[in-house]
Amino acid sequence: MSLIHLFLFVGLVSLEAAASFSPGSRSILRDIGSHNADQKDNALELNATNFDSVFQDSPAKYAVLEFFAHWCPACRNYKPHYEKVARLFNGADAVHPGVVLMTRVDCAIKMNVKLCDKFSINHYPMLFWAPPKKFVGGSWGPKQEKSEISVVDEWRTADLLLNWINKQIGSSYGLDDQKFGNLLTNISDQEQISQAIFDIEEATEEAFDIILSHKAIKSSETSASFIRFLQLLVAHHPSRRCRTGSAEILVNFDDLCPSGECSYDQESGVKDTLRNFHICGKDVPRGYYRFCRGSKNETRGFSCGLWVLMHSLSVRIEDGESQFAFTAICEFINNFFMCDDCRRHFHDMCLSVKTPFKKARDIVLWLWSTHNKVNERLKKDEDSLGTGDPKFPKMIWPPKKLCPSCYLSSTEKNIDWDHDEVYKFLKKYYGQKLVSVYKKNGDSVSKEEVVAAAEEMAVPTNALVVPVGAALAIALASCAFGALACYWRTQQKNRKYYHNPHYLKRYNSNYMVMNTFSNTESEREKER
């Protein structure tokens, strides 16, 4: 009898062991290869329960979906190739995060059978491409004529797959791409700001995308606010391609947003929408930050990039433009910055200014002071809640290591600033230093970007005051836009915008200021 019990016991143990290798859990092959268990996959493995939610919530613009079977030798051999590409886009150490979501589904698992049937999987592996949300509730069939989900037909090696992806999105990613440098934590190194030109482009594009996503241009007031900020970007954005992109949107704004009502999607009868335009070119956004990269995914990034953008704009304006720049920045944050508490605090600081700015120095120092007040307020919250970036705690700017001459005296609770020195520092730091980007740094950038950056500080600027209600665009602020300026002037000769006087009065803005090549029309004609 005891022998029978022994056989029964052995049988039960065998059944239990066999169950652990059932197709519903992990495969025998995976368990045999458990010596690689510590190696974390970059591609995200989905199943029938989380498939729709993952794609629905993904911030990525595109997605690759691989259907495979864990028992398939060809799939196992292909996995290292797929992972080489996935490491570029997925995970905390992604080189180009937020661009392509790399996913896979195991069709040999019972719960995924119906999901695989929806995509007519008839061999392994099989790869698909689409914007993430198109996979939500989606399907694919070989006889399907119109589908935004397409089959990836060049995938057999990592090189082939990445080249195929590059063709789809007009990128030039490489398998050897590395995450840009280490965190730039040495605040006493002034050269680090040179990397921020990339972040300014990224933040400009992200701000534009937020406006589109929230369809935030909803009235004549928000339309006028957007136009004023575009004018500021056209004249003074430190990136040439962002100036060009802003000018293109401004030139077409009447057609895109008649009476302040913008077209965002391809509706019937609408040829062009705001979504057809790239404010900083087709290569942006890149999906990552350099100077503004935080030590955690949720810190720094866009908010840091937006501050650097505003500082870089402030140091490029002339005396007659300071009030216009102040108004444009205040209105833009008030209408289009979606963090409500941040927006209201910034708006209150704008309203506290009672005297219109006259000098360029006024807006530079006001923005610097405002930024420090914001940092002081946020530091208290982040210190008490533990939500700050441990590598980049909020601080008073600039620190003494970066600008010793800016400090007359300082105690733990009070700093006596030399405002002349602060102004000189800010002009240099966010002006010359920011665009002297590439020569001293071994970054992989194109020759054209190097030349463009070297020319940035040579753009001539002179201010002209234009009464409210006058034609918005008289000329562009860069020699590079000469031809565009002529076209713009003819297109907008009789164009007028009537803004809400009460709204402008809140910021003490009695005039609109636009940058032109010279102070008189005759001089402008000579230059043309």
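See the structure printed just above.
Here the residue numbering is sequential within each chain, running from 1 through the sequence in written order. Where totals are concerned, whole chains, interfaces and linings use all residues; where local detail is concerned, this predicted model gives features only for residues with pLDDT of at least 70, and gives and counts side-chain atom pairs only at 80 or more. With hydrogens and water set aside, each side-chain value is computed from the structure's full complement of heavy atoms.

**Thoughts on the overall build of the protein**
By the criteria applied, helices consist of DSSP H or I runs no shorter than four residues and strands consist of E runs no shorter than two, each listed in order from the N terminus. Helix and strand counts for the protein come out as 19 helices and nine strands. Each residue's exposure class comes from its accessible area (1.4 Å probe, protein chains only) as a fraction of the maximum for that residue type: buried when under 20%, exposed when over 50%, partly exposed otherwise. Split into buried and exposed, the 528 residues of the protein put 47% on the buried side. The long-range share in the protein, meaning contacts at least 24 apart out of those at least 6 apart in sequence, stands at 71%. Values of accessible area rely on a 1.4 Å probe in the Shrake-Rupley scheme; residue burial ignores everything except the protein chains shown. Surface exposure of the protein reaches about 27100 Å², of which carbon and sulfur atoms provide 53%. Residue contacts follow a heavy-atom distance rule, with two residues in contact if any of their heavy atoms lie within 4.5 Å.

**Section: the pairing of strand β4 (residues 126–130)**
Look at any regular strand and the pattern is simple: side chains alternate between the two faces of the sheet. By the criterion of burial, β4 is predominantly enclosed, with five of the five residues buried. For strand β2 (residues 62–68) and β4, the ladder comprises five bridges, and the chain directions are antiparallel. By the bridge assignment for β4, A63 is matched with A130. Note: two strands are recorded as paired if DSSP finds a minimum of 2 bridges between them. Bridge count between β4 and strand β5 (residues 150–151): two bridges; the pairing is antiparallel. Residue W129 lies in a different strand from β5, and its bridge partner there is S150.

**With respect to the state of the cysteines**
Cysteine sulfur atoms that come within 2.5 Å of each other are treated as a disulfide pair. Applying the stated criterion across every chain yields a total of seven disulfides. For C257, the disulfide goes to C262, at an S-S distance of 1.9 Å. Note on the C257 and C262 pair: the S-S dihedral is about 110°, so by sign convention the disulfide is right-handed. Side by side, C257 and C262 carry an identical accessibility label, which is buried. In this model C330 forms its disulfide with C350; the gap between the sulfur atoms is 2.1 Å. Taking the sign of the torsion about the S-S bond as the criterion, the disulfide between C330 and C350, at about -90°, is left-handed. Separated by 20 residues along the polypeptide, C330 in helix α12 (residues 322–336) and C350 in helix α13 (residues 340–351) bring together distant segments of the chain. Classification of C330 by relative accessible area gives buried; the value is 1%.

**Comments concerning the environment of C403**
In this structure, C403 sits in the loop between α14 (360–385) and β6 (407–410). Considering only alpha carbons, one finds C403 and F425, 22 residues apart in sequence, at a separation of 7.2 Å. Apart from the residues within four sequence positions on either side, C403 is in contact with P398, E421 and F425.

**Section: the sheet that holds strand β3 (residues 100–106)**
Strands pair in a sheet through their backbones, by hydrogen bonds, and they do so in one of two ways: parallel or antiparallel. Spatially, β1-β3-β2-β4-β5 is the arrangement adopted by the five strands of the open sheet, whose pairing is mixed. Whereas interior strands pair on both sides, the edge strands pair on one side only; in this sheet they are β1 (44–46) and β5. Lying on the sheet, helix α4 (residues 73–89) is in contact with β2, β3 and β4; it crosses β3 at an angle near 155°. Axis lines are fitted to C-alpha atoms, over the contacting stretch for helices. Their N-to-C directions set the angle, which ranges from 0 to 180 degrees.

**Focus on the packing of aromatic side chains**
Aromatic pairs are defined between Phe, Tyr and Trp rings, using the six-membered ring for Trp, whenever the two ring centres lie within 6.5 Å; interplanar angles under 30 degrees are classed as stacked, those over 60 as edge-to-face, and all others as tilted. Counted by the stated rule, this structure contains 30 aromatic pairs. On the basis of an interplanar angle of 15° and a centroid distance of 6.4 Å, the ring pair of F208 and F226 is categorised as stacked. In this pair, F208 sits in helix α7 (residues 196–213) while F226 sits in helix α8 (residues 220–236), placing the two residues 18 residues apart along the sequence. Accessibility expressed as a relative area gives 2% for F208, which makes it buried. Given a relative accessible area of 3%, F226 falls into the buried group.

**Brief notes about the nonpolar core**
Soluble, globular proteins show a tendency: their nonpolar side chains are buried together. Ranked by size, the top nonpolar core spans 82 residues in total, and within it L274, V308 and W366 carry the most contacts. With near-sequence residues (within four places) excluded, V308 lies in contact with I193, A196, I200, F291, C292, Y430 and L434. The criterion is simple. A nonpolar core is a set of buried Ala, Val, Leu, Ile, Met, Phe, Trp, Tyr and Cys residues joined through side-chain atoms within 4.5 Å. Core analysis: the second largest hydrophobic core is formed by 23 residues, F89, V95, L127 and W129 among them.

**A closer look at the pairing of β6**
In this sheet, strand β7 (residues 415–417) lies alongside β6 in antiparallel orientation, the contact comprising three bridges. Residue pairing for β7: S410 is matched across the bridge by I415. Between the end of β6 and the start of β7, which pair antiparallel, lie four residues.

**Remarks on the pattern of salt bridges**
The salt bridge criterion pairs a side-chain nitrogen of Lys or Arg with a carboxyl oxygen of Asp or Glu, the two atoms within 4 Å. Inspection of the entire model under this criterion finds 15 salt bridges. Measuring nitrogen to oxygen at the nearest pair gives 3.8 Å for the salt bridge that ties K167 to E154. Placement of K167 in helix α6 (residues 158–169) and of E154 in the loop between β5 and α6 is noted, with a sequence separation of 13 residues between them. Under the relative-accessibility criterion, E154 is labelled partly exposed at 30%. Note that E382 and K394 form a salt bridge whose closest N and O atoms lie 3.2 Å from each other. Placement of E382 in helix α14 and of K394 in the loop between α14 and β6 is noted, with a sequence separation of twelve residues between them. Taking relative accessible area as the criterion, E382 reaches 17% and is therefore assigned buried. Residues joined in a network through salt bridges with shared partners are D340, D341, R343 and R344.

**Side note on α6**
Here, expected helix span is obtained from the residue count minus one, scaled by 1.5 Å. Counted at 1.5 Å a residue, the expected span for α6 with its twelve residues is 16 Å, and the 17 Å between its end C-alpha atoms agrees. Burial in α6 covers these residues: A158, L161, L162, W164, I165, N166 and I169. Looking at the packing, one finds that the buried side of α6 touches β2, α4, β3, β4 and β5. Trailing α6 by a residue or two, G170 shows a phi angle of about 65°, which is positive.

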